[in-house]
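If you want the building blocks of each chain, they are given just below.
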Amino acid sequence: MRYRQLTTGTLALGVLLLIDVLRVWLPGIITIFGQAASTPAELMGAFALGWFVLAMGAPAVVRRVGARPVTVVAAVALAVARLALTAAPGGRTQLWLATAGLLAGLVWLVGVAADTDRPVPGLALGFAVNAALHAVLDTVDLVWRGDWVAWLLSAVAVAVFLVGTAQPARHGGAGDARPGPADAPDGSADAPVGPGGGRAWLLAGPALLLAGMVALSPALARTGMSYLVAGDGVARSPLFGLAPVPVAVAGFLCAALTRPASGWGRAYGPVALLGGAVLFALDRGDLLLPAILLAAVGLGACLALTDDASQPASDTASAGTASAGTASAGTAGGSSASRRGYAVVAGMLVFALGAVGYYSAYDLGYPNAAVPVVVAVLIAAMAFTARPVVHWLPGPFPPLRAASAVTALALLAPVLADEVPVTSNRDGPPERLTVVAYNVRMGFGLDGRFDLTGLAQVVDRQRPDVVLLSEVDRAWLLNGGHDTLDLLSDRLGMPYVFGPAADPVWGDAVLSRWPVRDPRTLPLAAVGAPTGAQALAVTLDLGDGVRTAVVSTHLQPPPGKGPVVQARAVADFATRYAAGRPLVVGGDLNTEPGDEAFAEFTKVGLVDALAAARPLATSPADDPRQQIDHIFVSSGLTPGDPVAPRSTASDHLPVAVTVTLPPR
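Counting starts from 1 at the beginning of each chain's written sequence and moves along it residue by residue. Restriction of local features to residues with pLDDT of at least 70 applies here, the model being predicted, together with a cutoff of 80 or more for giving and counting side-chain atom pairs; totals for whole chains, interfaces and linings are based on all residues. With hydrogens and water set aside, each side-chain value is computed from the structure's full complement of heavy atoms.

Caption draft 1: Representation of the overall build of the protein chain in the model. Helix numbers and strand numbers start at the N terminus; a helix is a DSSP run of H or I with at least 4 residues, a strand a run of E with at least 2. Each helix and strand counted, the protein chain has 22 helices and 13 strands in total. C-alpha atoms define the radius of gyration in this analysis, and the globule rule sets the expected value at 2.2 Å times the number of residues to the power 0.38. At 27 Å, the protein chain has a C-alpha radius of gyration in line with the 26 Å of a compact globule built from 664 residues. For the C-alpha atoms alone, the extent of the protein chain along its principal axes is close to 95 × 45 × 40 Å. We call a residue buried when its accessible area falls under 20% of the maximum for its residue type, exposed when it is over 50%, and partly exposed in between, using a 1.4 Å probe and counting protein chains only. Taken over 664 residues, the protein chain has a buried fraction of 59%. Residues are treated as being in contact if the distance between any of their heavy atoms lies within 4.5 Å. For the protein chain, contacts bridging at least 24 residues in sequence account for 78% of all contacts bridging at least 6. The protein chains shown are the only cover counted for residues, whose accessible areas, like all others here, come from Shrake-Rupley with a 1.4 Å probe. Total accessible area on the protein chain is roughly 23600 Å²; 62% of this is exposed by carbon and sulfur atoms. When charges are counted, Lys and Arg are positive and Asp and Glu negative, with His and the chain ends excluded. A single reference atom marks each charge: NZ on Lys, CZ on Arg, CG on Asp, CD on Glu. In the protein chain, which carries 43 positive and 48 negative side-chain charges, the distance between the mean positions of the two groups comes to 6 Å.

Given below as structure tokens:
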């Protein structure tokens, strides 16, 4: 492999490892450092931003001791932290390992930036390969798998990264194809580092944010596909839900690695990126797919516009300069290296500010739709105002060949990672249904580990026919970009219907072993609560004309009050939807027996299905003291065997009950 290919590949691999660390560190802020909705969002935000601000000192360190030693030491620290996280230790150990890996990754980026004036090929490949692998892994990172395959692949990635980093410095930028004074004809020999690259490095952080939130998010792609299945504002298990990922990856890489357009054609990337960001900000499930595809192509094109590939090295220091001129060029080179270092750390600070600003809105209650649009405007403006390419030189990898290879990897995802559980009517309606209601906290247990196995096991032990889920996250970058709902659906072998609450990828769901008909969702008034809420109603087709209505909800009480208004709305909606049929209502209701909100359900004739086991505390899971997770049934159903099985796979315990259907 030529040197410039090796350095570009090493940059891409380092970006991939850094993203892996971020997918552990970001959810650790709200599951280990603090607790969402109880720890002040301002405190969690300050903790998050503090490490990015601390990294602002890295360029000064690089200027003092040199880029090479800083890059090597930081790369080793990043690699060690990433490999240690494969053990998924949980708790404070996991948080501080991820924090160390994050800080090391930021310092490593600064060191690489000092010696790299053309980062676009490496950054683009890192983003694209990460998205393809995340899709193939069904949105579950190697960090959370913990088996021998995860250890093997993680060790190989870390080893290759360290080998690439250990190669002697050659004075060329990653992907630099500019000929130097002693270049071979293929441009693979040494080339002086030019003064450019600062604009591209500045966009690394904002581009990472939009790639993870929208453009290259496999979980968001599958969620978008699931909305196309059902319509009417709800989502259902899709067939080949990851199919859009290869399209987005191909569009992104082709736009990022090929020669940018000239004249007014330069505007297509910024316009496409802005269009995708606006569609995403509209919070409509049916617009997610066009948002992804527009943002992917637009983001790639914007990166290409900042690629300083056409600036000849002789602009900085020609082969024939005298010793005084060489010294002057060296001084200019040091200044350029510092500018690139400050640019990349400033860009990563934009990443942190955007992520904290967008997701903390769900605790603080302010509108956040402008955040992705503002970040897109920043990227578009920086890209469109970049100096036009005059004599474009190709990167280290042929664009079409590189795009085809990564797209081929992404094409494995719909084949290997997409599973669609199927329901079918059995012989005659059942006599009983087992119902489980569970707040799954985005899939993270009390120790901060992404614990799908623990969630699936505690539910599956109840042998449920219907599962009502609360706090379902399907693509939030803050939580690692997983599609928790689809992953649990696969493990339980039960198709889902999803109702959005806070936005199209956060809400409640119903999983059922029986066919589901007529799904409907009712948005609930916020009444001062920051997080959105809804009620999802479905009808179970039990065969022979027997139907049972099921409603899943998660009530959000306003500060200092009970969720009375929302409880009244859900009770009215559920009884009207059931229209005399047997009815089950359940979820995290954030109200205790005897409270006014609890009484709203009994007023309409519903029965507390857990009454025989009271008191039945469900929160917090390690020391349950509050009875806030409930199941109600209509008077025609007979509840039995109520239980709240112990588990720390979430911060709540599940509740389960078996209901006997009315005789036919």
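Caption draft 2: Structural view of the sheet that holds strand S11 (residues 629-633). Pairs of strands are assigned from DSSP output, requiring at least two bridges between the strands. Pairing within the open sheet is mixed, and its six strands lie in the order S6-S7-S8-S9-S11-S10. Looking along the sheet, the strands with just one partner apiece sit at the ends: strand S6 (516-524) and strand S10 (607-608). Summarising the sheet, strand S7 (residues 533-541) and strand S8 (residues 547-554) pair through seven bridges and their orientation is antiparallel. Bridging across to S8, Val538 finds its partner in Val550.

Caption draft 3: Representation of helix H17 (residues 370-384) in the model. Under the convention used throughout, the expected extent of a helix is 1.5 Å for every residue step, that is, one less than its residue count. Over its 15 residues, H17 extends 21 Å from the first C-alpha to the last, a length consistent with the 21 Å expected when each residue adds 1.5 Å. Buried within H17 are the following residues: Val371, Pro372, Val375, Ala376, Ile379, Ala380, Met382 and Ala383. Relative to the axis of H17, the buried residues are bounded by an arc of 165° and lie together on one face. To obtain the arc, one takes the directions from the helix axis to the C-beta atoms.

Caption draft 4: Here's a closer look at the packing of aromatic side chains. Aromatic pairing here means that ring centres of Phe, Tyr or Trp (its six-membered ring) are within 6.5 Å. Orientation follows from the plane angle: under 30 degrees is stacked, over 60 is edge-to-face, and everything else is tilted. What the rule picks out here adds up to 20 aromatic pairs. Ring geometry for Tyr358 against Tyr362: centres 6.3 Å apart, planes inclined by 80°, an arrangement best described as edge-to-face. Like Tyr358, the residue Tyr362 is buried in the burial classification. Judged by centre distance (4.9 Å) and plane angle (15°), the ring pair of Phe601 and Phe632 falls under stacked. Linking Phe601 in helix H22 (residues 596-603) with Phe632 in strand S11, this pair joins segments that are 31 residues apart in sequence. Phe632 shares its class with Phe601; the two are buried. Ring pairs connect the aromatic residues Phe280, Tyr358, Tyr359, Tyr362, Trp476 and Trp506, which therefore count as one cluster. Throughout this description, the term charge over a ring refers to an Arg CZ or Lys NZ atom that lies within 6 Å of the ring centre and within 35 degrees of the ring normal. The lysine or arginine in question, Arg474, covers the ring of Phe498, its NZ or CZ lying 5.2 Å from the ring centre. Over the ring of Tyr577 we find Arg581; its NZ or CZ atom is 5.5 Å from the centre of that ring.

Caption draft 5: Fine view of the sheet that holds strand S5 (residues 506-512). Pairing is mixed across the open sheet formed by seven strands, whose spatial order is S1-S4-S5-S3-S2-S13-S12. Each of the sheet's edge strands pairs with one partner strand only, and the pair in question is strand S1 (235-236) and strand S12 (638-643). Strand direction decides the pairing type here: S12 and strand S13 (residues 655-660), joined by four bridges, are antiparallel. Across the sheet, residue Gly640 finds its bridge partner in S13, namely Thr658.

Caption draft 6: Up close: the side chain of Arg222. Tracing the chain through its elements places Arg222 in helix H11 (residues 218-230). Looking at Arg222, the relative accessible area reads 0%, which means it is buried. Ignoring anything within four residues of it in the chain, the contact list for Arg222 reads Asp138, Thr139, Pro238, Gly241, Leu242, Ala417, Asp418, Arg474, Asp483 and Asp486.

Caption draft 7: Seen up close, the environment of Gly91. Position of Gly91 relative to the elements: it lies in helix H5 (residues 91-114). Every residue in contact with Gly91, bar those within four places of it in the chain, is listed here: Ile32 and Asp447.

Caption draft 8: Main features of unusual backbone geometry. Here the residue pair Arg614 and Pro615 is connected by a cis peptide bond, since its omega of -5° sits within 30 degrees of zero. Residue position: Pro615 is located in the loop between S10 and S11. A cis geometry characterises the amide bond from Ser619 onward to Pro620, with omega recorded as -10°. For Thr139, which is not glycine, the phi dihedral falls at a positive 70°. Turning to its location among the elements, Thr139 is positioned in the loop between helix H6 (120-136) and helix H7 (142-145).

Caption draft 9: H22, seen in detail. Residues of H22 that are buried: Ala597, Phe598, Glu600 and Phe601. Projection of H22 onto a plane perpendicular to its axis shows the buried side chains occupying an angular sector of 145°, all on one side. Turned more than 90 degrees from where H22 packs its buried face, Glu596 and Lys603 sit exposed.

Caption draft 10: Structural context of the nonpolar core. The term nonpolar core refers to a set of buried residues drawn from Ala, Val, Leu, Ile, Met, Phe, Trp, Tyr and Cys, joined through side-chain atoms within 4.5 Å. Counting residues in hydrophobic clusters, the biggest one holds 152 residues, and the most contacted among them are Trp25, Phe252, Leu253 and Leu469. Ranked by residues supplied to this core, first place goes to helix H1 (residues 3-33) with 15 residues. For Leu253, the residues in contact, after removing those within four places along its chain, are Ala124, Leu125, Ala128, Ala402, Ala403 and Val406. Ranked by size, the runner-up nonpolar core spans 30 residues in total, among them Leu433, Trp514, Ala644 and Leu661.

Caption draft 11: View of the environment of Leu83. Among the structural elements, Leu83 can be located in helix H4 (residues 67-85). Between the C-alpha atoms of Leu83 and Ala155, which are 72 residues apart in sequence, the distance is 6.8 Å. When sequence neighbours within four positions are dropped, the list of residues in contact with Leu83 reads Trp151, Ser154, Ala155 and Val158.

Caption draft 12: Highlighting the pairing of strand S9 (residues 583-588). Burial of S9 is extensive: six of the six residues sit out of reach of the surface. Relative to S9, S8 runs parallel, the two being bridged by six bridges. For Val550, the partnering residue across the bridge sits in S9 and is Val584. Once you follow S8 into helix H21 (residues 564-578) and on to S9, the crossover reads as right-handed. Note: S9 against S11, five bridges, orientation antiparallel. Across the sheet, Val584 pairs through a bridge with Val633, a residue of S11. Think of it like this: strands point away, you trace from the first strand over the helix to the second, and a clockwise trace means the crossover is right-handed.

Caption draft 13: The arrangement of the packing of H6 against helix H18 (residues 399-416) in detail. Interaxial distance between H6 and H18 falls to 7 Å at its minimum, and their mutual angle equals 20°. Taken together, H6 and H18 sit at an angle that is classed as roughly parallel. Taken as a pair, H6 and H18 cross one another with a handedness that is left-handed. Every residue of H18 that contacts H6 at Leu125, Ala128, Val129, Ala132, Leu133, Ala135 and Val136 is listed here: Ala402, Val406, Leu409, Ala410, Leu412, Ala413 and Leu416. When its residues are assigned to classes, the contact of H6 with H18 shows 14 nonpolar, no polar and no charged. Helix axes use the C-alpha atoms of the stretch in contact, all axes being lines fitted to C-alpha atoms, and the angles between their N-to-C directions lie in the range 0 to 180 degrees. For classification purposes, angles smaller than 35 degrees are called roughly parallel, those larger than 145 roughly antiparallel, those between 65 and 115 roughly perpendicular, and all remaining angles oblique. By definition, any crossing whose near helix is turned counterclockwise from its far helix by less than a right angle is left-handed, and any crossing with a clockwise turn is right-handed. Polar here means any residue other than Ala, Val, Leu, Ile, Met, Phe, Trp, Tyr, Cys and Pro, which are nonpolar, and Asp, Glu, Lys and Arg, which are charged; Gly is therefore polar.

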